[in-house]
Amino acid sequence: MNRVECWRAVTPQARNWHFRIRHRVFVEEQRVIPITDLDDRDRDLSTIHVVAGRGSAAVGTVRLYRTDGAGRWKGDRLAVLAGHRAGMVGARLVRFAVATAAAAGGDVMDAIVQVQNVTFFERLGWDRAGPLIAYHGLPHQPMTFRLADARTLDESDIPDDACLRLPAARHAPSPLIEAVT
Ligand SMILES: CC(C)(COP(=O)(O)OP(=O)(O)OC[C@H]1O[C@@H](n2cnc3c(N)ncnc32)[C@H](O)[C@@H]1OP(=O)(O)O)[C@@H](O)C(=O)NCCC(=O)NCCS
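Our subject in this report is the structure included herewith. Quick caveat, the model's predicted, so the values are computed rather than measured.

Glancing now at the site of the ligand. Taken together, 19 residues are adjacent to the ligand, and Val80, Arg85, Gly90, Ala91 and Phe120 come closest. Along the lines of polarity and charge, the residues of the shell around the ligand split into 10 nonpolar, seven polar and two charged.

Listed below in structure tokens is the structure:
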């Protein structure tokens, strides 16, 4: 099986892959967020959008950003396309997110985690942080990660010859996605 690579989605094409993957997972598949999962964080130039690729396919996303000026970060929009799960893409994305925040001088990363994924995060070294809360009407577990425990960042730009493609979707992309890409 091809190695999983993670990159910051800095080009318009990579951002487009990022937004389309999120839309397929959170809006079309899980339906946890109606219509669009885009928000003001996506328009903030300091937000870091990440794409995971395996072989020639763009298959996963995560997003991260600072939440204060004192070392606190948040990670969200962790998504792996159905059909590409259970292949360590999600774990690689989480490790990339915490390594990126640690390299930027962060101390702690927070996440609001769907209850069925709490064990997945615990196995990656995350701790529960308080009681369940409602998020988009569903129970979620606040969790934290001490960024001192992050591995060193293994980061590179998407190479020009990467030839990534987005696997075929069942649905046409929402026009709302085009509005921010
Ligand atoms: C949750 C998600 C990101 C996991 O990604 P993935 O690529 O399938 O996970 P990985 O293959 O990296 O999993 C790493 C390990 O955790 C396990 N694992 C994966 N999902 C798990 C879960 N929900 N609960 C417990 N263990 C899990 C895997 O079996 C694997 O175990 P192994 O090391 O023994 O082989 C993916 O299932 C997904 O995108 N789900 C839909 C969107 C979603 O729920 N996003 C997160 C919102 S909080």
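Next comes the rest of the write-up.
To continue, consider the pairing of strand S8 (residues 138–146). Bridging between strand S5 (residues 108–114) and S8 involves seven bridges; their strand directions are antiparallel. In the strand pairing of S8, Ile112 is matched with Pro142. Both strand S6 (residues 127–128) and S8 contribute to a ladder of two bridges, which runs antiparallel. When the sheet's bridge partners are listed, Asp127 is paired in S8 with Thr144. Judged from the three bridges that link them, strand S7 (residues 133–135) and S8 form a sheet pairing that is antiparallel. Directly across from Tyr135, in S8, lies its bridge partner Leu138. The hairpin formed by S7 and S8 contains two residues between the paired strands, and His136 there has a positive phi angle of roughly 50 degrees.

On to unusual backbone geometry. Its identity as a non-glycine residue notwithstanding, Arg31 has a phi of 55 degrees, on the positive side. For Arg31, the position within the fold is in the loop between helix H1 (12–29) and helix H2 (40–43). A residue is classified by how many C-beta atoms lie within 10 Å of it, and Arg31, with 9 of them, is exposed. One non-glycine residue, Ile35, lies in the positive phi region at around 70 degrees. Structurally, Ile35 can be placed in the loop between H1 and H2. Residue Ile35 is classed as exposed on the basis of its 9 C-beta neighbours within 10 Å.

Working note: α-helix, 3.6 residues per turn, so residues spaced by three or four point in the same direction. Taking 1.5 Å per residue, 18 residues should reach 26 Å; H1 reaches 24 Å between its end C-alpha atoms and fits that length. If you look at H1, its biggest bend is around 30 degrees, right at His23.

Now for the pairing of strand S2 (residues 48–54). Extensive coverage of S2 is indicated by the burial of six of its seven residues. Where strand S1 (residues 4–8) lies against S2, five bridges are found, and the strand directions are antiparallel. Bridge assignment links Val4 to a residue of S2, and that residue is Arg54. In this structure, S2 lies alongside strand S3 (residues 57–66), joined through seven bridges in antiparallel fashion. Pairing of Val50 across the sheet is with Val62, part of S3.

Reading guide: rules and limits
- Residue numbers run consecutively from 1 along every chain, following the written order of its sequence.
- Where totals are concerned, whole chains, interfaces and linings use all residues; where local detail is concerned, this predicted model gives features only for residues with pLDDT of at least 70, and gives and counts side-chain atom pairs only at 80 or more.
- Whether a residue is near a molecule or strand depends on its C-beta atom, generated from backbone atoms, being within 6 Å of that molecule or strand.
- Classes in brief: Ala, Val, Leu, Ile, Met, Phe, Trp, Tyr, Cys and Pro nonpolar; Asp, Glu, Lys and Arg charged; the others, Gly included, polar.
- In this analysis, strands are considered paired if DSSP registers two or more bridges between them.
- Working definition: helices are DSSP H or I runs of at least four residues, strands are E runs of at least two. Numbering for both runs from the N terminus.
- Exposure classes come from backbone-placed C-beta atoms, where a residue is buried if 20 or more other C-beta atoms lie within 10 Å of its own, exposed if 12 or fewer do, and partly exposed in between.
- Take the residue count of a helix, subtract one, and multiply by 1.5 Å to get its expected span.
- The term bend refers to the angle at a residue between two fitted axes, each drawn through seven residues, those ending there and those starting there.

Read these as layout, nothing more, since geometry by itself doesn't imply function.
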